[in-house]
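Structural features, examined
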Amino acid sequence: MSAKAISEQTGKEFLHKYICTSAAVQNRFSYARVTPETDLDRLTQEHPWLLTQRLVVKPDQLIKRRGKLGLVGTNLDLQGVKEWLKNNLMKETTVGKAKGVLKNFLIEPFVPHTQEEEFYVCIYATREGDYILFHHEGGVDVGDVDAKAQRLMVAVNDTLNEDQVKEHLLTHVADDKKEILSTFIKSLFNFYEDLYFTYLEINPLVVTQDGVYVLDVAAKIDATADYLCKAKWGDVNFPPPFGREAYPEEAYIADLDSKSGASLKLTLLNPCGRIWTMVAGGGASVVYSDTICDLGGVNELANYGEYSGAPSEQQTYDYAKTILSLMTREKHPDGKVLIIGGSIANFTNVAATFKGIVRAIKDYQGPLKEHEVTIFVRRGGPNYQEGLRVMGEVGKTTGIPIHVFGTETHMTAIVGMALGHRPIPNQPPMDAHTANFLLNASSSAKTPASTRTASFSEPRTPTEATPAKKCKSGHPADAFHSILWPLKNVVTAGWKEAQAPSGYSGAKATTLFRQNTKSIVWGMQTRAVQGMLDFDYVCSREEPSVAAMVYPFTGDHKQKFYWGHKEILLPVYKNMADAMKKHQEVDVLISFASLRSAFDSTMEAMQYPQVDNETGVVFKDVPFSETRKIIKVADEKGVTIIGPATVGGIKPGCFKIGNTGGMLDNILASKLYRPGSVAYVSRSGGMSNELNNIISRTTDGVYEGVAIGGDRYPGSTFMDHVLRYQDTPGIKMIVVLGEVGGTEEYKICQGITEGRITKPVVCWCIGTCATMFASEVQFGHAGACANEASETAVAKNQALRDAGAYVPKSFDELGDVIRTVYEDLVANGTIVPAEEVPPPTVPMDYSWARELGLIRKPASFMTSICDERGQELIYAGMSITEVFKEEIGLGGVLGLLWFQRRLPRYASQFIEMCLMVTADHGPAVSGAHNTIVCARAGKDLVSSLTSGLLTIGDRFGGALDAAAKQFSKAFDSSMLPMEFVNKMKKDGKLIMGIGHRVKSINNPDMRVQILKDFVKQHFPSCHLLDYALDVEKITTSKKPNLILNVDGLIGVAFVDLLRTCGGFTRDEADEFVEIGALNGIFVLGRSMGFIGHYLDQKRLKQGLYRHPWDDISYVLPEHMSM
């Protein structure tokens, strides 16, 4: 998430409601909103002041400099406002490069004032604190306030007082206005902080004898602070930039995003465009957009968006179907292309997310073919081979042209293929490594180190440490320097070490990670920890890099992990203090804390002396103000933060943070188990893994890599790490992947120009497409937004090129530039490659091997009635959604789970009636009695219920199965009812289902009568019931209470149901009777009654039951009684 602009109406509502000031703020809540649907006559009834006051009317659509554009009507009466709106409402207007329709307006009271009463005030956030700009001349002609305004910086955690305001900001203000202005500005700053604003501008701020008037407001708030400010913000509406409509599909994806731990973003740029993207990763999504624009596709680019952070199959399906629905609404004469791209995932199961996309493609195969859509896929990461295979198969089965590529293909190569700038390979090459553990046997790559067991924190031999020559300030006009091209969820990670000063000159070489580095992991991230241990093992570390875990939601315990081939136990602590006390060797914290606990847990970790040098922090969606507080404490304590909003960092041969570098297949393929000669720093976590891949293919590999994070204020900066790399002898060249937003890259320019950085620096800033869009687009990273021209990617790339860095003309050629620089260093002897040293093998986890389809084993259990593994619960093939949609009821659900059939409606009704009539039969029966006794003995519900259920058998309630079997056998043997009765008497057996203690032929059981009437009316046939009723006639002639009881009726009627409903064969019907299914009806029904008796006893607060003596006949042997 990021800083998001709010409407002027919302900004003023917040200000008038929550500002606490003694200054008299006038015109509070005096505004009326007008849209095309507004009834102006009704509006005057709601706002009577419209009829009596002079008015101002203006659009409220995030338009800058409305006064200069003639878009403000001032000092008008109501009729004048109506005329003004008539000329401007729904009018198409161009503002800069953006063209849009004016349709949201504010009407406010006109405030008569002079030019001398207008002031300008603005507060905005920076890394170090918040700046307050004030100018004594406000209004439409304020001009360049950056150059003219007085400026005061309030550092993080500092407070503002009125004396500071007067001294630094109000030097040119008349004395009679200083008091009210200083009071108001101080209160405004407190309001700005309390409601988590990142930008707040008032121009003009009018001060008259009556008080303060806030005329025009522009503001942004930190959307990540929603969980802190929800009570005050309410449901904030974030309007789109002027020139871009708000689409319901965008709101739908935003809602999905808000309910997910993953990141889902969608911005529609041109719904009629032919180029659509579905990209995984915040950084990768920007790179793909850049490449499309570089290749001339800016006017046909339909959308920007990204999905990342391991979304579920259902979430990916919902995201994909939204895009496919949008792109198949209008045809394009040239057909359409869909680019399903991404970098190499760190932890996302590519095959799992692709399942959702495949489902969506299958659902939309008709429209996709009709609109002539061609799909290009490139992806890497865990299980990507299976994902690509499935994607290729769906292309073959549906007839949709789908071209799939893996890590062997450059990330953005598919864009050139899609746009016709490069050929499509018929059979793309595939990497030789299989699953995630087999190293490419054909590789002949060399490494810069002869041993992987040395401490990489130590300097190398003098010959290896020869400093490289200073970069040339200019470069030949070759392919990647001569062209000037036209002008940001996931998880996060952080680390701490000795912090360099804000200026680079005093920075010292530091080592974040060594081969004996030990860490504590905050959060129950077992997969990430196992990945770290596997990495440690292939790097030949002597001990695991994880010493312990902290998880506040359980007690102290041990967690099992693998160390190579053997199992080990790692301690898990409830409190961080216990973990730190017992593991003094730890100097790194890796925190997977949620946004609500990240700040507190990180601040706590920095209080322990052992992490004064290093700590790692993994947190996501932390408000900017809290991140800045963390950074300030980290700077004071000399701790380096990596993050937030990143996956972390890696030092091959030494240490990796959490999921950085992906699974072992990527660790081995990118040779991250031993150091190379190239160090990199990027913002994006996903793109850092792509850099691992690029660098391993073009050089001898990575020495160290860090992704500082995509937030506006990362804990450590590019320059912090570049200076470390410059001062580390083993690093021979540096790669920087910057992006649009911020100015950190200019410090690298300064370092190169002034000679502080002498090693070759290859740098590319992503986000060059931003300046080509007509309206502002917020990319996947919160910091990827340029607030001024110098923050654009194009400006920074040119500055880096001018300073002497190696800058390609696009990301597409980044690998080529890295290769060229590396080969030059090898040629001049700076880098001396060494022979590859194979790593030790690591066994594959059973769960992952099964996921990859490499192994099979017999299942311990089999089930055919329910499947909870997918996105929706399935009952015998019927989704839970359909269960409710079809209203099959409890009887229908029982039919699915017990009989694996969708039973007819009458059958479901009969089952429900059986449950109702068997629910209870009073407290005197044995089952209810047992339940009551247990409840009064203080037992819990389950124990009491079980006690009652254990009494069910042939004598109580369990006669359904026996009755069904006896009557069925007699009927199927063509035995006459009289013959059946005589045989049972001769054999000395009771007829199950016949007889009742209370009811008789003269006092019939209404339960039996109700069920009998229903069966007679609805069942297709009831031959066995008729047979049982004939038997009843014989038995009741002998004794009136030998009636067909409720057990018997349900038993024989159920046999009729199974045999005649059409859903079962005769053998299947007989099998259900044999295995005891019918007794389940009584057990299920009577459980309701037993639970009722338990609750009744608890509600009545009945004490321990003791049976009375007078109800017990004591019969003892004669000699005992004497």
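To start, this report covers the structure provided alongside it. Model, not experiment: these values are computed from the prediction. (Residues numbered from 1 in each chain as written. Predicted model: local features only at pLDDT ≥ 70, side-chain atom pairs only at ≥ 80, totals over all residues. Heavy atoms only, no water.)

1. Here we look at the overall build of the chain
Short version of the rule: What counts as a helix is a DSSP run of H or I of at least four residues, what counts as a strand is a run of E of at least two, and both are numbered from the N terminus. A 1.4 Å probe rolled over the protein chains alone gives each residue an accessible area, and that area as a share of the maximum for its type sets the label: buried under 20%, exposed over 50%, partly exposed in between. Methods summary: accessible areas were calculated by the Shrake-Rupley approach with a probe of 1.4 Å, and residue burial reflects only the protein chains presented.
Scanning the chain from N- to C-terminus turns up 38 helices and 36 strands. Counting all 1122 residues of the chain, 56% fall into the buried class. Accessible area for the chain stands at about 47900 Å²; split by element, carbon and sulfur atoms hold 52% of it.

2. Some remarks on a nonpolar patch on the surface
To keep it simple, the criterion reads: Candidate patch residues must exceed 30% relative accessible area and have no salt bridge, after which like charges are joined if within 9 Å and Val, Leu, Ile, Met, Phe, Trp or Tyr side chains if within 5 Å. Salt bridges, as used here, are contacts in which a Lys or Arg side-chain nitrogen is within 4 Å of a carboxyl oxygen on Asp or Glu.
On the surface, Trp1109, Ile1112, Tyr1114 and Leu1116 cluster together into a nonpolar patch covering about 490 Å² of accessible area. Its location among the elements puts Tyr1114 in the loop between helix H37 (1077-1099) and helix H38 (1118-1121).

3. A look at the packing of aromatic side chains
Here is the rule we go by: Centre distance within 6.5 Å is the pairing criterion for rings of Phe, Tyr and Trp, where only the six-membered ring of Trp is used; planes under 30 degrees apart are then read as stacked, over 60 as edge-to-face, and the remainder as tilted. Any Lys NZ or Arg CZ found within 6 Å of a ring centre and within 35 degrees of that ring's normal is scored as a charge over the ring.
In the structure shown here, the tally under the stated rule is 24 aromatic pairs. Seen from their ring centres, Phe971 and Tyr1027 are 5.6 Å apart, and the 70 degrees between their planes marks the pair as edge-to-face. Pair noted here: Phe971 is in helix H31 (residues 959-972) and Tyr1027 is in helix H34 (residues 1023-1038), with a separation of 56 residues, a long-range link. Taking the relative accessible area as the measure of exposure, Phe971 reaches 31% and is therefore partly exposed. Ring pairing ties together the aromatic residues Trp898, Phe899, Tyr906, Phe910, Phe1014, Phe1019, Phe1054, Phe1064 and Phe1072, which thus form one cluster. Over the aromatic face of Phe238 sits the side chain of Lys4, whose NZ or CZ is 5.2 Å from the ring centroid. Its guanidinium or amino end placed over the ring of Tyr317, Arg359 lies 4.0 Å from that ring's centre, counting from NZ or CZ.

4. Quick look at the side chain of Glu744
Definition in use: Every residue pair with non-hydrogen atoms within 4.5 Å of one another is taken to be in contact.
Residue position: Glu744 is located in helix H22 (residues 744-753). Residue Glu744 is classed as buried on the basis of its relative accessible area, which comes to 17%. Those residues in contact with Glu744 that sit more than four places away from it in its chain are Thr717 and Phe718.

5. A closer look at the packing of H31 against helix H36 (residues 1066-1074)
Condition: In this analysis an axis means a line fitted to C-alpha atoms, helices contributing only their contacting stretch, and an angle means the value between N-to-C directions, from 0 to 180 degrees. Under this scheme an angle from 65 to 115 degrees is roughly perpendicular, one under 35 degrees roughly parallel, and one over 145 degrees roughly antiparallel; angles in between are oblique. The nonpolar class holds Ala, Val, Leu, Ile, Met, Phe, Trp, Tyr, Cys and Pro. Asp, Glu, Lys and Arg form the charged class, and all remaining residues, Gly among them, are polar.
At a minimum axis separation of 9 Å, H31 and H36 run at an interaxial angle of 140 degrees. Our classification of the angle between H31 and H36 gives oblique. On the side of H31, the interface is formed by Asp961, Ala964, Lys965 and Asp972, while H36 contributes Arg1066, Val1073 and Glu1074. The residue inventory of the contact of H31 with H36, partitioned by class, reads two nonpolar, no polar and five charged.

6. Some details on the layout of surface pockets
Gaps left between atoms are located by rolling a probe of water-molecule size over the structure's atoms. The condition that has to hold: Using protein atoms alone on a 1 Å grid, points that fit a 1.4 Å probe yet trap it form a cavity, whereas open point sets bounded by protein on both sides within 12 Å along at least five of seven lines form a pocket; residues with an atom within 4 Å of a point count as lining. Grid points are joined across faces, edges and corners, and a volume is the space filled by probe spheres set on the points.
By volume, the second largest pocket is sized at about 1200 Å³. Arg955, Gly995, His996, Arg997 and Asn1045 are, among the 34 residues lining the second largest pocket, the residues nearest its centre. When residues of the lining of the second largest pocket are traced back to their parent elements, those giving at least two are helix H32 (977-986), H34, helix H35 (1046-1060) and H37. When its residues are assigned to classes, the lining of the second largest pocket shows 15 nonpolar, 10 polar and nine charged.

7. Focus: the nonpolar core
Put simply, the rule reads: Buried Ala, Val, Leu, Ile, Met, Phe, Trp, Tyr and Cys residues that are joined via side-chain atoms within 4.5 Å together make up what is termed a nonpolar core.
Grouped together as the largest cluster of nonpolar side chains are 101 residues, with contacts concentrated most on Met733, Val735, Val736, Ile748, Val762 and Phe811. Apart from the residues lying within four places of it in its own chain, the contact partners of Met733 are Ser677, Val678, Ala679, Pro760, Val762, Ile818, Val821, Tyr822 and Leu825. Judged by nonpolar contacts, the second largest core, of 62 residues, contains Ile994, Phe1014, Val1031 and Phe1064.

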